[in-house]
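Remarks on the overall topology
Given next are the chains, with one letter for each unit.
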Amino acid sequence: METSDAIIDAGDRLMSVMREYWGYDAFLPLQEEAMRSAMGGRDSLVVLPTGGGKSLCYQVPALCLDGMAVVVSPLISLMKDQVDALRACGVAAAFINSSLTASEKWNVADDIRGQRLKLLYVAPERLSLPGLLDLLESATVSFFAIDEAHCVSMWGHDFRPDYRKLNLLRERFHGTAIHGYTATATEQVRDDVVRQLGLREPEVLVGSFDRPNLTYRVERRDSLLAQIAGVLERHPDESGIVYCITRKEVDSIAASLTGGGYSALPYHAGMSDEARKANQEAFIEDRCRIIVATVAFGMGIDKSDVRYVVHAGLPKSLENYQQESGRGGRDGLEAECCLFYSGADFKTWEFIVNRSDGSPAFKQAQMASLRQVMDYCDAAACRHRLLVQHFGQDLGADCGEACDICLGEFDEVEEPLVVAQKILSSVYRQGEKFGADYTAKVLKGSREQRVIENGHDRLTTHGLLQEESRRAILDWIGQLVQQGFLSSVATDDAGKYNVLKLTQDGWRLLRGEVLPRLLKPATDASSRSQPKRHDPHSWEGVDRELFEVLRSLRTEKANDLGLPPYMVFGDASLRDMARRRPTGADGFLKVHGVGQKKCDDYATEFTTLIAEYCGEHELETDVDPPSATPLSAPKDASRLTRPAGPNESALRAIELFDQGRTVEEVAETMGRALSTTRGYFHEYLRHRRITDPVRWVDAVQIARIEEAIAAVGPKPLKPIREHLGGEVDYDPIHIVAICWQNRHRDDNADATVADHVSHQPE
Ligand code: ADP
Ligand code: ZN
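The sections below set out a description of the structure shown in this document. (Residues numbered from 1 in each chain as written. Chains lettered and ligands numbered in written order. Predicted model: local features only at pLDDT ≥ 70, side-chain atom pairs only at ≥ 80, totals over all residues. Heavy atoms only, no water.)

Glancing now at the pattern of salt bridges. Counted according to the given criterion, the structure contains 50 salt bridges. Between D84 and K80 there is a salt bridge, with its nearest N and O atoms 2.8 Å apart. Of the two residues, D84 and K80 are both situated in helix α5 (residues 76-88); the distance of 4 residues between them amounts to about one turn of the helix. Classification of D84 by relative accessible area gives buried; the value is 17%. What makes K80 partly exposed here is its relative accessible area of 41%. (Salt bridge = Lys/Arg side-chain N within 4 Å of Asp/Glu carboxyl O. Helix = DSSP H or I, 4+ residues; strand = E, 2+ residues; numbered from the N terminus. Buried < 20%, exposed > 50% of the residue type's maximum accessible area, 1.4 Å probe, protein only.)

In structure tokens:
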């Protein structure tokens, strides 16, 4: 055992443990590097965005190494969730914090002494109590993992004095490695973490801050409830968060949504602890779909299937936005992040900041952060790119398909120079003494008293943009500020009132020497107020009705066990189940996110249900999708490295098929189930681009099937079979359909999938 272990490469061990316990087949970016450094015993600091998979970075090595890993985690609720989730995967884990009774603590201590634990979660304040440290010293600690490591830094957004005591660890556990994990990207915090934790020449791993599975949208707020409803309509029956700036807004929006028939609950610091806790639990356990909250909500929420995050007002900073919106799509599946803003939010925040007790420098910094958020809102550039830029990284290219700008939900204004000149000359003629709202009024031709008193109804620019909406004019002013043609200058120290002034570039624009870029909501079918719900790759091959049926079973099981549903199976697993439709334990184990323990616990019930459903609906079962990845597929592998293409077993099978073996023979040789081998065979047909099915299907049948394909398309297979009156088996249909697709590959949408398959990771 020892010797064979020693020769197995660490990467293979990590992978096989990850597969066995978590059922994942590929590392997320930097996960393998982070795990290897934990295996190697060198200190490390791992910086990955929310949803980047930080927990597995220490959980998997903890299982591979001797002894027990100690995880320091700041939140009691999070600790319990993590331990519950680990146990659901069959990992021996426990936590010690103030929520345990004396006898529960004693039991955990007993498990530590008996070397029965692989992971122990502790609250930071516990570590300074002598009892626990002594206990740990007598045990074999494989390493320390400091979760949310930025809490040790005063510069972070969430400083916790108890984290400072962690320097004890370095003193008392000289030879034991310490690893820090955080999503906070600034260099200052990073350096501080290294110093405070006393990390020794740590390996520092910083991942990409882009979240490709999130779609970002920004809209100026006009009819907020209708705008929110627009998002909700795109996600019926899915979980989401609506963030508001104030408690009052939380209450009123939650009430309006409930009144409108939505399943929504409020959450803010003004509610009683019990009410807050009850609402949070209802959300986590899927008894309520929408949580309307102030930013007090979210820390310690691990719910992985949040499908949309709405900001009903401006977030405080882009760091906050990244964090709050990042709570969507932690499972790697697509999620939508919409920000509805208005200039008034700026004022609201200003009021809050000024009332807070911070130094003048701190307040100034906060206002500067807010201005960055305004710039982000007004920008006419890819949102992913801007956000990542804010964290000092370069995306290299626009996202292309995951933000309102790239999705073409805006049209370019036809004569941007003329429109911009109208706006700038109005600003100039108004004496550069007024703000955006007022300027928009003048351009719109308002006869408001203030405008008339100022004599601005007689300006040549009065009513020049009469045909345009006030919202559009405000958008353009914002865009001109963001592009540096106008500056928005505070007239007083508190920055209460901003006036617009022309910049040097603004003058060049007036002379027609430079061109601005102005956008307006698209007017065609893909209109901005109702963006299409696009079906991402992650739904490919998924039977949606079966997905819903499985979802109900998941809720039922979760209720029985007192676990949140996402802990039984994530959405990614359910989709993969509804795609593969396994009818036995073998196939069930192949589902994304199904490890040995969950297979033992749930295979029978889920596969029975799948078999029943597929029988009733004449759906093919035990499908082995060759290229479908349950996570949303990145367009470009450089953004997210994920292995693609046939795996090792498939490659071996392909070799055997090359030698002319039949499916039955290959199944026998490789010791695989027929259904699995059939999957390999389909992969072989695609991989070798076989175009003629005549070796496997008789000519008459080919002709009939191809006729049906011509009528209903090459997939899904069910309509083809129906077209043939249900007389032909799925097997020949599948083979003919693949060959047909191979023949039509170049002019077929499938080309993108094919490209993906042939794209090997570096
Ligand atoms: P973070 O702590 O960085 O926000 P988590 O550790 O909570 O991220 O992981 C986010 C989600 O991604 C979890 O649902 C987790 O199970 C899942 N996950 C982690 N690693 C992988 C992987 N290699 N493949 C697929 N999903 C993964
Ligand atoms: Zn984009």
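If you trace the 6 strands from one edge of the open sheet to the other, you get β8-β13-β12-β9-β11-β10, paired in parallel fashion. The open sheet is flanked by β8 (214-220) and β10 (264-267), the only strands paired with a single partner. Direction aside, neighbouring strands of the sheet carry axes that sit 15° apart on average. Sheet topology places strand β12 (residues 306-311) next to strand β13 (residues 335-341); 4 bridges connect them, and they run parallel. (Pairing = 2+ DSSP bridges. Axes fitted to C-alpha atoms, helices over the stretch in contact; angles between N-to-C directions.)

The full set close to ligand 1 counts 16 residues, and Y24, A26, G51, S55 and R330 are the nearest of them. Note that an oxygen atom of ligand 1 is positioned 2.9 Å from one of the side-chain N or O atoms of K54. At 2.8 Å from an oxygen atom of ligand 1 is found a side-chain nitrogen or oxygen belonging to R330. Its free accessible area being 560 Å², ligand 1 has 86% of it covered by the protein chains. A breakdown of the residues in the shell around ligand 1 according to their chemical character gives 7 nonpolar, 7 polar and 2 charged. (Near = heavy atom within 4 Å. Polar contact = N/O pair within 3.5 Å; in protein donor to acceptor, adjacent residues only side chain to side chain. Areas by Shrake-Rupley, 256 points an atom, 1.4 Å probe, with all protein chains shown as cover. Nonpolar A, V, L, I, M, F, W, Y, C, P; charged D, E, K, R; others polar.)

Further remarks concern the pairing of strand β3 (residues 93-96). Residues A93 and F95 line one face of β3 and the alternating positions A94 and I96 line the opposite face, and both faces are buried. Taken together, the 4 bridges between β3 and strand β4 (residues 119-122) define a ladder with parallel strand orientation. When the bridges of β4 are listed, I96 appears paired with V122. For the crossover from β3 across helix α6 (residues 102-113) to β4, the handedness is right-handed. (Right-handed = clockwise from strand over helix to strand, strands pointing away.)

Everything listed here is a matter of geometry and, on its own, says nothing about what the molecule does.
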